[in-house]
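# Observations on the model geometry
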Amino acid sequence: MDILFVGHFGGRNIGDEIILLSQMQMLENYYNERINFHVFTYDEDFTINLYRQYGYKVKTIEAFGLRKMFTSIKDQLNKINKFDIVILGGGGLIQDVYFSYGIFRYLLPCFIAINRGIPVASFSLGVYRFNYSINRALFKAFLGSSTAISVRDEVSLVNCREIGFKETIHLVPDSALLFDLTKIPIPDELIGFFKLTIVLREFFTPYLDILSNSIKEYLSDQKISNVYVEIVVFENNPEESKIALELRNLLKDRIEHIFISDQIDPLNYLSKLSQSDLVISGRLHGIVPSVILNKNIVCLSYSPKIEAFCREKCLKYINTSELKNKLDLKDYINILNEPKINRKNELEKAFKFLRYLDDKRRQNIKPKRANKILLFFSGLYLLTIHIFNKLTGFKRKEE
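Counting restarts for each chain, with residues numbered from 1 along the sequence as it is written. The predicted origin of the model limits local features to residues at a pLDDT of at least 70 and limits the giving and counting of side-chain atom pairs to 80 or more, whereas totals for whole chains, interfaces and linings rest on all residues. Heavy atoms from the whole structure form the basis of all side-chain values; hydrogens and water molecules are not counted.

### Some points on the pattern of salt bridges
Counted only if it meets this: Salt bridges are defined as contacts in which a side-chain nitrogen from Lys or Arg sits within 4 Å of a carboxyl oxygen from Asp or Glu. Each helix is a run of DSSP H or I of at least 4 residues and each strand a run of E of at least 2, with the numbering of both proceeding from the N terminus. Accessibility here uses a 1.4 Å probe with only protein chains present; expressed as a share of the type maximum, an area under 20% marks a residue as buried, one over 50% as exposed, and anything in between as partly exposed.
The full count for this structure, using the stated rule, is 16 salt bridges. In this structure, Arg 12 engages Asp 43 in a salt bridge whose closest nitrogen and oxygen atoms are separated by 3.1 Å. Separated by 31 residues along the polypeptide, Arg 12 in the loop between strand E1 (2-9) and helix H1 (14-31) and Asp 43 in the loop between strand E2 (36-41) and helix H2 (44-52) bring together distant segments of the chain. Look at Arg 12 and you get partly exposed, because its relative accessible area is 26%. Its relative accessible area of 23% is what places Asp 43 among the partly exposed residues. Residue Lys 216 pairs with Asp 253 through a salt bridge whose shortest N-O separation is 3.2 Å. With Lys 216 in helix H7 (residues 208-221) and Asp 253 in the loop between helix H8 (238-251) and strand E12 (257-261), the pair connects residues that are 37 residues apart, well separated along the chain. The network of salt bridges with shared partners includes Glu 312, Lys 313, Glu 346 and Lys 349.

### Digging into the pairing of E2
Under the convention used in this document: Two strands are counted as paired when DSSP detects at least two bridges linking them. Orient the strands so they point away from the viewer; a crossover is then right-handed if the path from the first strand over the helix to the second runs clockwise.
The buried count for E2 comes to six of six residues, which makes it a mostly enclosed element. Neither face of E2 is left uncovered, since the one carrying Asn 36, His 38 and Phe 40 and the one carrying Phe 37, Val 39 and Thr 41 both have all their residues buried. Inspection of the sheet shows E1 paired to E2 by six bridges, in the parallel sense. Following the sheet pairing, Asp 2 is matched in E2 by Asn 36. Following the chain from E1 across H1 to the adjacent parallel E2, one finds a crossover that is right-handed. Pairing geometry for E2 and strand E3 (residues 59-62), over four bridges, is parallel. What sits directly across from Val 39, in E3, is Thr 60.

### Regarding the environment of Asn 131
You can see Asn 131 is positioned in the loop between strand E7 (125-127) and helix H5 (133-145). Separated by 36 residues in sequence, Asn 131 and Gln 95 have C-alpha atoms that sit 8.4 Å apart.

### Points about the sheet that holds strand E14 (residues 297-301)
Just so we agree on the cut-off: The angle between two axes is taken between their N-to-C directions and runs from 0 to 180 degrees, where each axis is a line fitted to C-alpha atoms and a helix contributes only its stretch in contact.
Taking strand neighbours across the sheet as the criterion, the six strands line up as E12-E11-E10-E13-E14-E15 in an open arrangement whose pairing is parallel. Two strands close off the open sheet at either side, each with one partner strand: E12 and strand E15 (317-319). Neighbour to neighbour, the strand axes of the sheet diverge by 15 degrees on average, direction disregarded. When strand E10 (residues 194-199) meets strand E11 (residues 227-232), the two strands line up parallel, connected through six bridges.

### Section: the sheet that holds strand E6 (residues 120-122)
Two pairing modes exist for strands in a sheet, parallel and antiparallel, and in both the strands are linked by backbone hydrogen bonds. The test is simple: We call two residues contacting when some pair of their heavy atoms lies within 4.5 Å.
Strand order in the open sheet formed by five strands is E3-E2-E1-E4-E6, and the pairing between neighbours is parallel. Unpaired on one side and paired on the other, E3 and E6 mark the two borders of the sheet. Strand-to-strand twist in this sheet, taken as the mean axis angle between neighbours without regard to direction, amounts to 25 degrees. Each of E2 and E3 is contacted by H2, which is oriented at about 160 degrees to E3, the strand it contacts most.

### Focus on the nonpolar core
Selection rule: As used in this record, nonpolar core signifies buried Ala, Val, Leu, Ile, Met, Phe, Trp, Tyr and Cys residues forming a set joined through side-chain atoms within 4.5 Å.
Phe 5, Leu 27 and Ile 198 are the most contacted members of the largest nonpolar core, which has 96 residues in total. The greatest single-element share of this core, amounting to nine residues, is contributed by H1. Residue contacts for Phe 5: discarding those within four places in its chain leaves Leu 20, Gln 23, Met 24, Leu 27, Phe 37, His 38, Val 39, Phe 40 and Ile 87. Grouped together as the second largest cluster of nonpolar side chains are 33 residues, Leu 93, Leu 107, Ala 113 and Leu 143 included.

### Some words on the packing of H1 against H2
We apply this condition: Orientation labels follow simple angle bins: below 35 degrees gives roughly parallel, above 145 gives roughly antiparallel, 65 to 115 gives roughly perpendicular, and whatever is left gives oblique. If you view the pair so one helix is near and one far, a crossing is left-handed when the near helix is turned anticlockwise from the far one by less than a right angle, and right-handed when it is turned clockwise. Charged residues are taken to be Asp, Glu, Lys and Arg, nonpolar residues to be Ala, Val, Leu, Ile, Met, Phe, Trp, Tyr, Cys and Pro, and polar residues to be all remaining types, Gly included.
At a closest axis distance of 12 Å, the pairing of H1 and H2 adopts a crossing angle of 55 degrees. Classified by the interaxial angle, the pair formed by H1 and H2 is oblique. Handedness of the crossing formed by H1 with H2: right-handed. In contact with Glu 17, Leu 20, Leu 21 and Met 24 of H1, H2 contributes Phe 46, Leu 50 and Tyr 51. Among the residues making up the contact of H1 with H2, the classes are represented as six nonpolar, no polar and one charged.

### Here we look at a positive patch on the surface
To keep it simple, the criterion reads: Within this analysis, patches are made of residues with over 30% relative accessible area and no salt bridge. Like charges are joined at 9 Å or less; nonpolar side chains (Val, Leu, Ile, Met, Phe, Trp, Tyr) at 5 Å or less. Reported accessibility uses the Shrake-Rupley method at a 1.4 Å probe radius. Residues are deemed covered only where the shown protein chains occlude them. This count recognises Lys and Arg as positive and Asp and Glu as negative, with His and chain-terminal groups excluded. In plain terms, the charge of a residue is placed at NZ if it is Lys, CZ if Arg, CG if Asp and CD if Glu.
On the surface, Arg 34, Arg 52, Lys 57 and Lys 59 cluster together into a positively charged patch. Here Lys 59 lies in strand E3.

### Observations regarding the packing of H1 against helix H9 (residues 266-274)
Orientation of H1 relative to H9, taken along the N-to-C sense of each, is 105 degrees, at an axis distance of 9 Å. Classified by the angle between their axes, H1 and H9 sit roughly perpendicular to one another. For the pair H1 and H9, contact is made by Ile 14, Glu 17, Ile 18 and Leu 21 and by Pro 266, Leu 267, Tyr 269 and Leu 270, respectively. Split into classes, the residues belonging to the contact of H1 with H9 amount to seven nonpolar, no polar and one charged.

### Overview of H1
Spelled out, the test is: Here a helix's expected span is defined as the number of its residues, less one, multiplied by 1.5 Å. Any N or O atom pair separated by 3.5 Å or less is treated as a polar contact, with the protein-specific requirement of one donor-capable and one acceptor-capable atom, and with residues adjacent in sequence counted only for side-chain atom pairs.
Here H1 contains 18 residues, and its C-alpha end-to-end distance of 26 Å stays within 8% of the 26 Å for a straight helix at 1.5 Å per residue. Along H1, 15 of the 18 residues are buried, which leaves the element largely enclosed by surrounding structure. If you check the start of H1, you find a side-chain oxygen 2.9 Å away from the backbone N of Gly 15, and it comes from Asn 13. Downstream of H1 by a residue or two, Asn 32 has a phi angle that is positive, lying close to 50 degrees.

This is the structure in structure tokens:
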């Protein structure tokens, strides 16, 4: 069996690599057979080397660069005739934050596969804000032509319905909830230290003074003296490195042991997270693994995807609009004394969707002619936008 994953892989983002690793584990568990994994990636060498150390000999398709992308897909298809399944997701891939930046990368290979008669499914997909009607139309074309659709939260399901898609949509867990905890290495013990792990992104830069003061006040109130802080650079880019350095400078007058971790290694990250006494996270995949590992956590939100997960799991959270004043950290700590996640139940939800997908694959339903025409013009539109961006030096803008 040959499966192609389409997503934000190879982009130096820990969360996306946890998603991919979780999906590989899940599919091996479900199919119980040898699977050849292919990955649509921004960096072929990075992806091959990363997953080799986990025992996966993945094959890659280069996602960065139009000519090479088409050539690589053609070469892969010629080698194996065709993929058995193409999976889009998970993660919050479908949104208008970057206009065409993500849409082009993620939907075009799916359109190519659909028009070759290859089953395409979304798994644990995040569908959020749409600002442009053309992108809504493109995604609606994808929904109408895919073999099976699953999303990861109620917000995404509602957004699919508002687009006008009336067919079956499965609500499945976030892919990271399916991670096999037995694969996480046992970390070295930090004897005598209170371990605090902080996972932020650039959106929280204006609130660093408030956050740092609240951390120092909490440690003083709780009379915690020996503190070990690890600030995780979750996505290896200058913005996140900068916020990590700024936060370290704000905390160093109270805390001696502060370290910045910038290794994009999912297992190493999860191992370090497992030894935390408290996690402060403004990233969804800082929050999700903490819940799996039963770690006390403060959830910071800048996005509907974080709030959707927190509501689903009954977690307290604070959004950026509430961070403009003094923050009393202890009021927002989620104490996780008992497991909130039953991995067996979460896997069964995922397996239910996979059984549905297999039934649809056996029916061998082809895209309607109208959809195939729309898909052709969708691809043409995406190609035009890509060329425009290249010629004008278009840069993605932050939300």
